[in-house]
Amino acid sequence: MSHCYRQLRLPEREALFRMKAAKLPVRKIAAELGRHPSTIYRELRRNYFFDEDAYFRGYFPSVAHKLARDRRVPGRKLERNPELAHYVIDRLRSCWSPEQIAGRLRLAGHSGFRVSHETIYRYVYGAAGKQQDLYRLLPWSRRRRRPRGGRKPRGLKIPLTNSIGQRPPAIARRDDFGHWEGDLVAFRQVYGKSNLTSLVERKSRFAVLWRNPSRTSAGVMAGICGQLGPLPSALRQSVTFDRGTEFAAFPTLRSELGMSSYFCEPKSPWQKGAVENLNGRLRRFLPSDTDIAAMDPAVIAAICAQLNSTPRKCLGYQTPLEVLSAEISRHSE
């Protein structure tokens, strides 16, 4: 019997029909077809034809083949369940990703109200989704699905000190809270030198965002000290940056907050993947042509709050705010 499962084909269903009519036991039928008995039981249960008028009832190969094929139409589950489709679309409009929607449904435990993220994507890019332009509600609003590409590496900006290779393994494993990653989010130069500093706590994925008037390293570090200073010392142990010149004043973090600083290898910003992921999510709300200098700080704070209130797969579909709040409460006891 093959270890690679494949769907029953029409000739197999026809043979199943003949053997069932001959009243062979299921295990004998399974052995003849080279299938597991559970496959045969499942086939007979799922594709049993039931006529309300009681004229035709039973297992018929052509009907069974059509029923099985219809169930495998991309996005079909959401088309059959308008209530579930409405829920999915509502969550998409709340800026949840398909994976977050599917994971949160599993976490809620509604056995009859579940859907996989792949089914959501197929529904979005299927005929029904195209009619509603649902692709616009996805994080990157692409008209067509495509594989993700990597970001172009940045050049060497600061001396080779405090390399990420010197970072304790426990930080890489996310064993403890209090280890952060930082980056600058830039916008088109026509709007001036204003930018955002983005910080994310590695274990909880909790994000912090604020605006800087320029890229000066002293100003960036002062902002980090102001944002992380109120936290318990256990929640501000280290921070990892790339080698941009805006982070050259990193000794300030050691002197004011007692935080260690580590840097990615040259041309390897992907080594601080948590904040790179955050920046990608942030672009959904703040594309590169945003005039960040003219934006109300309250709007930036609201975007950050929404990101922290969105469930994450890596957190078991809890939100970053829930995870970090629980840790802060533990330190306050």
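Up top is the structure these notes are about.
### Quick look at the overall build of the chain
Phase 1 of the analysis: Looking only at helices and strands, one finds 15 helices and 7 strands in the chain.
Phase 2 of the analysis: Relative to the 2.2 N^0.38 estimate, which gives 20 Å for 333 residues, the radius of gyration of the chain is 27 Å and therefore markedly larger than a compact globule would have.
Phase 3 of the analysis: For the C-alpha atoms alone, the extent of the chain along its principal axes is close to 85 × 45 × 40 Å.
Phase 4 of the analysis: Within the chain, the proportion of its 333 residues that are buried is 43%.

### Remarks on the packing of helix H7 (residues 98-108) against helix H8 (residues 117-124)
Phase 1 of the analysis: Packing of H7 against H8 leaves a shortest axis separation of 8 Å and a crossing angle of 135 degrees. Put simply, H7 runs oblique to H8. Considering the relative orientation of H7 and H8, their crossing is right-handed. Residues Pro-98, Glu-99, Ile-101 and Ala-102 of H7 form the contact with H8, whose participating residues are His-117, Ile-120 and Tyr-121.
Phase 2 of the analysis: Taken together, the residues of the contact of H7 with H8 break down into 5 nonpolar, 1 polar and 1 charged.

### Remarks on the nonpolar core
Phase 1 of the analysis: Membership of the largest hydrophobic core comes to 25 residues, with the highest contact counts inside it found for Trp-180, Leu-199, Ile-224, Leu-228, Phe-241 and Leu-253.
Phase 2 of the analysis: Secondary structure elements with two or more residues in this core: strand S3 (179-185), strand S5 (207-212), helix H11 (217-228), strand S6 (238-241), helix H12 (251-257) and helix H15 (320-332).
Phase 3 of the analysis: If we ignore the near neighbours within four places in the chain, the residues touching Leu-228 are Trp-180, Leu-199, Arg-236, Leu-257 and Met-259.
Phase 4 of the analysis: Within the second largest apolar cluster, 19 residues are counted, among which are Leu-78, Leu-84, Trp-96 and Leu-134.

### Overview of the pairing of strand S7 (residues 260-263)
Phase 1 of the analysis: What you see with S7 is no split at all: Ser-260 and Tyr-262 on one side and Ser-261 and Phe-263 on the other are buried throughout.
Phase 2 of the analysis: Alignment of S6 against S7, held across 4 bridges, turns out to be parallel. Across the sheet, the residue bridging to Ser-238 is Ser-260, located in S7.
Phase 3 of the analysis: Once you follow S6 into H12 and on to S7, the crossover reads as right-handed.

### Side note on the packing of helix H2 (residues 26-33) against helix H3 (residues 37-46)
Phase 1 of the analysis: Between H2 and H3, whose axes approach to 8 Å, the crossing angle comes to 110 degrees. As judged from the angle between their axes, H2 and H3 are roughly perpendicular. For H2 against H3, the interelement crossing comes out right-handed. For the pair H2 and H3, contact is made by Val-26, Arg-27, Ile-29, Ala-30 and Leu-33 and by Pro-37, Ile-40, Tyr-41 and Leu-44, respectively.
Phase 2 of the analysis: Grouping the constituent residues of the contact of H2 with H3 by class yields 8 nonpolar, no polar and 1 charged.

### Quick word on the packing of aromatic side chains
Phase 1 of the analysis: Per the stated rule, a full pass over the model turns up 5 aromatic pairs.
Phase 2 of the analysis: Aromatic pair Phe-49 and Phe-60: ring centres 6.3 Å apart, planes at 65 degrees, arrangement edge-to-face. Placement of Phe-49 in strand S1 (residues 49-50) and of Phe-60 in the loop between strand S2 (57-58) and helix H4 (61-71) is noted, with a sequence separation of 11 residues between them.
Phase 3 of the analysis: The exposure class assigned to Phe-49 is partly exposed, which follows from its relative accessible area of 30%.
Phase 4 of the analysis: Residue Phe-60 is classed as partly exposed on the basis of its relative accessible area, which comes to 28%.
Phase 5 of the analysis: Both rings, one in Phe-250 and one in Phe-263, keep their centres 4.9 Å apart while their planes meet at 70 degrees; by these two values the pair is edge-to-face. Of this pair, Phe-250 sits in the loop between S6 and H12 while Phe-263 is found in strand S7, placing the two residues 13 residues apart along the sequence. One exposure class covers both Phe-250 and Phe-263, and it is buried.
Phase 6 of the analysis: Among the aromatic side chains, those forming a connected cluster through ring pairs are Phe-241, Phe-247, Phe-250 and Phe-263.
Phase 7 of the analysis: Above the face of the Phe-187 ring, Arg-283 is positioned so that its terminal group lies 5.0 Å from the ring centre.

### Some thoughts on helix H6 (residues 82-93)
Phase 1 of the analysis: For H6, built from 12 residues, the straight-helix expectation of 16 Å at 1.5 Å per residue is met to within 8% by its first-to-last C-alpha distance of 16 Å.
Phase 2 of the analysis: Within H6, the full set of buried residues consists of Leu-84, Ala-85, Val-88, Ile-89, Arg-91 and Leu-92. What you see down the axis of H6 is that its buried residues fit within an arc of 160 degrees, all on one side. Along H6, the residues that are exposed and aim more than 90 degrees away from the buried face are Pro-82, Glu-83, His-86 and Arg-93.
Phase 3 of the analysis: Contacts from the buried residues of H6 go to helix H5 (76-80), H7 and H8.
Phase 4 of the analysis: Positive backbone phi, at 70 degrees, marks Cys-95, one or two positions downstream of H6.

Cut-offs used in this document
- Residues numbered from 1 in each chain as written.
- Predicted model: local features only at pLDDT ≥ 70, side-chain atom pairs only at ≥ 80, totals over all residues.
- Heavy atoms only, no water.
- Helix = DSSP H or I, 4+ residues; strand = E, 2+ residues; numbered from the N terminus.
- Rg over C-alpha atoms; globule rule 2.2 N^0.38 Å.
- Buried < 20%, exposed > 50% of the residue type's maximum accessible area, 1.4 Å probe, protein only.
- Axes fitted to C-alpha atoms, helices over the stretch in contact; angles between N-to-C directions.
- Parallel < 35°, antiparallel > 145°, perpendicular 65-115°, else oblique.
- Left-handed = near helix turned anticlockwise from the far one by under 90°.
- Contact = heavy atoms within 4.5 Å.
- Nonpolar A, V, L, I, M, F, W, Y, C, P; charged D, E, K, R; others polar.
- Core = buried A, V, L, I, M, F, W, Y, C linked by side-chain atoms within 4.5 Å.
- Pairing = 2+ DSSP bridges.
- Right-handed = clockwise from strand over helix to strand, strands pointing away.
- Phe/Tyr/Trp six-rings, centres within 6.5 Å; stacked < 30°, edge-to-face > 60°.
- Lys NZ or Arg CZ within 6 Å of the ring centre and 35° of its normal.
- Expected span 1.5 Å × (residues − 1).
- Arc of directions from axis to C-beta.

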